[in-house]
Amino acid sequence: MSIVVIGLSHRTASVEIRDGVAVLPKAQEGVLQDLILLPSVSECALLSTCNRTEIYVVTPDIRLASDHVLSVVCKRSQLEINLLRPHVFMHQESEAVRHLFEVASGLDSMVMGEPQIAGQVKDAGALALETATSKTILNRLFRSATEASKRARTETEIGIGAVSVSFAAVELAKKILGKLDGQTAFVLGAGEMSELTALHLKENGVKALVVASRTLERAQDLADRVQGRAIAWEEAMSDLYRADVIISSTSAENYVLKREAVALAMQRRKNRSMFLIDIAMPRDIDPEVGSLYNVFLYDLDDLESVVGANIAKRKHEADKVRQILDEEVRTFIAWLHSLDVVPVIVALRQHFQSFMKSELEHAKLADLTEEQRALVENLVRRYMNKLLHKPVTRLKEAAEAEDGVAYVEALNYLFDLSEVSEEDPSDTSFQEVRS
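Reference entry: report on the structure contained in this document. Keep in mind that what you see is a predicted model, and the values were worked out from it rather than measured. (Residues numbered from 1 in each chain as written. Predicted model: local features only at pLDDT ≥ 70, side-chain atom pairs only at ≥ 80, totals over all residues. Heavy atoms only, no water.)

Before going further, it helps to spend a moment on the overall build of the protein. Regarding its fold elements, the protein presents 17 helices and ten strands. Taken against the 2.2 N^0.38 rule, which gives 22 Å for 435 residues, the C-alpha radius of gyration of the protein at 31 Å runs more than 25% over that of a compact globule. Taken along its principal axes, the extent of the C-alpha atoms in the protein is 105 × 55 × 35 Å. When burial is assessed residue by residue, the protein has 47% of its 435 residues classed as buried. When contacts within the protein are restricted to residue pairs at least 6 apart in sequence, long-range pairs at least 24 apart make up 70% of them. A gap of 5 Å separates the mean positions of the 50 positive and 65 negative side-chain charges of the protein. (Helix = DSSP H or I, 4+ residues; strand = E, 2+ residues; numbered from the N terminus. Rg over C-alpha atoms; globule rule 2.2 N^0.38 Å. Buried < 20%, exposed > 50% of the residue type's maximum accessible area, 1.4 Å probe, protein only. Contact = heavy atoms within 4.5 Å. Lys, Arg positive; Asp, Glu negative; His and termini not counted. Charge placed at Lys NZ, Arg CZ, Asp CG, Glu CD.)

Here it is, written out as structure tokens:
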């Protein structure tokens, strides 16, 4: 059995292709059920976000599984295979494992180190488990990916520092004003950048979030999405004094906030600190506003210098993360190879257990009490376990070093072991071997 990942991401496909292939949460269970019915798929899991759609499978036939999985994706997305194939990547075995670990750790993200993907990987593994489309191998793989991500984020600073303009704006506001709890924030403009900034403000606990735009309807749409309150532009201008934080991102050609308006607002605030960030291009706020007492004004150049420094730091931390992932991948692959010897270890134990049972049945134990017979049986069982301990340990070590197949063949020949083709849930031997 091989682990394979088949998918596409922001590195290989345009947003139009990614949108066509993406699977909404409510449809993911159905896609998993379609995949597990494929004759070439023994286990499967699905990771679908705005930047990637990846399908992980365990298969005895990599080429066939790839064709089958792509046929399911094409049928569902109504995309021609010839259009889709150039954008699809495929990794197998240790490269598939490394890819998932890098995804979970944020190394493969559009914004390096972003934390959301770790939760999305965990959720993908949980859904596969709930729908019974993943079993021993993928369950362990996704658990290991989550653990690798935790190590990456606790042992390095891969996730430290703002690396988007909107996030950097809010981080600066926190540095100037302290915690944003209890603060009132005005967002001027209703575009994408305004929405991202508003969401960050909300996540950081602002007391009130006010959205204003030249078009009240657009302001209301944004306010509904970010759980804020929309007001008309004229009202926002007259109520500037209420704002502790003002973030402006309109498409105006001229300044929408001038020194006189902010000076008047500061008088009504009795010069309590006001924090303004201009993330518009061209700028929304007259630079002269920054000369007012207790007014802190930042623009895109200020934010991008912060973002650039943080990106450089994350890239430096990425080398440390890769070293951690090297360890985690080796550990997982060693475990995976150990599964190759599980059937023969189980068969070997069953072989010895049958001899033990036969000899106990032929032994003259009738004159012993029940307690004495239990002691004899326990003694023989302990002797058998000690006898098998070293060979089993050596066999596991050989499997981890990728030499397990030769030893498996030798044991099968020497002891004439019958193959154990399927795992019996009632047989604890499998759990003992994997522990």
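Moving on from the model shown.
On to the environment of A168, then. Position of A168 relative to the elements: it lies in helix α8 (residues 165–177). With 135 residues separating them in the primary sequence, A168 and L303 have C-alpha atoms 6.2 Å apart.

Take the sheet that holds strand β1 (residues 2–9) next. Strand order in the open sheet formed by four strands is β2-β3-β1-β4, and the pairing between neighbours is antiparallel. In this open sheet, the two edge strands, each paired with only one partner strand, are β2 (43–48) and β4 (89–92). On average, each strand axis in the sheet is inclined to that of its neighbour by 15°, with strand direction left out of account. As paired strands, β1 and strand β3 (residues 52–59) are joined by eight bridges and run antiparallel to one another. Looking at the pairing, S2 lines up with T59 of β3. (Pairing = 2+ DSSP bridges. Axes fitted to C-alpha atoms, helices over the stretch in contact; angles between N-to-C directions.)

Here we take up the pattern of salt bridges. Within this structure, the stated rule accounts for 19 salt bridges. Where R52 meets D108, a salt bridge forms, and the shortest distance between an N and an O atom there is 2.9 Å. With a gap of 56 residues between them, R52 in strand β3 and D108 in the loop between α5 (94–105) and α6 (116–130) connect regions that are remote in the sequence. Taking the relative accessible area as the measure of exposure, R52 reaches 3% and is therefore buried. Judged by its relative accessible area of 10%, D108 is buried. In this structure, D319 and R322 form a salt bridge, with 3.3 Å as the shortest nitrogen-oxygen distance. Here the residue D319 and the residue R322 both occupy positions in helix α13 (residues 300–338), the gap between them amounting to three residues, near one helical turn. Residue D319 is classed as partly exposed on the basis of its relative accessible area of 45%. According to the relative accessible area criterion, R322 is partly exposed, its value standing at 33%. (Salt bridge = Lys/Arg side-chain N within 4 Å of Asp/Glu carboxyl O.)

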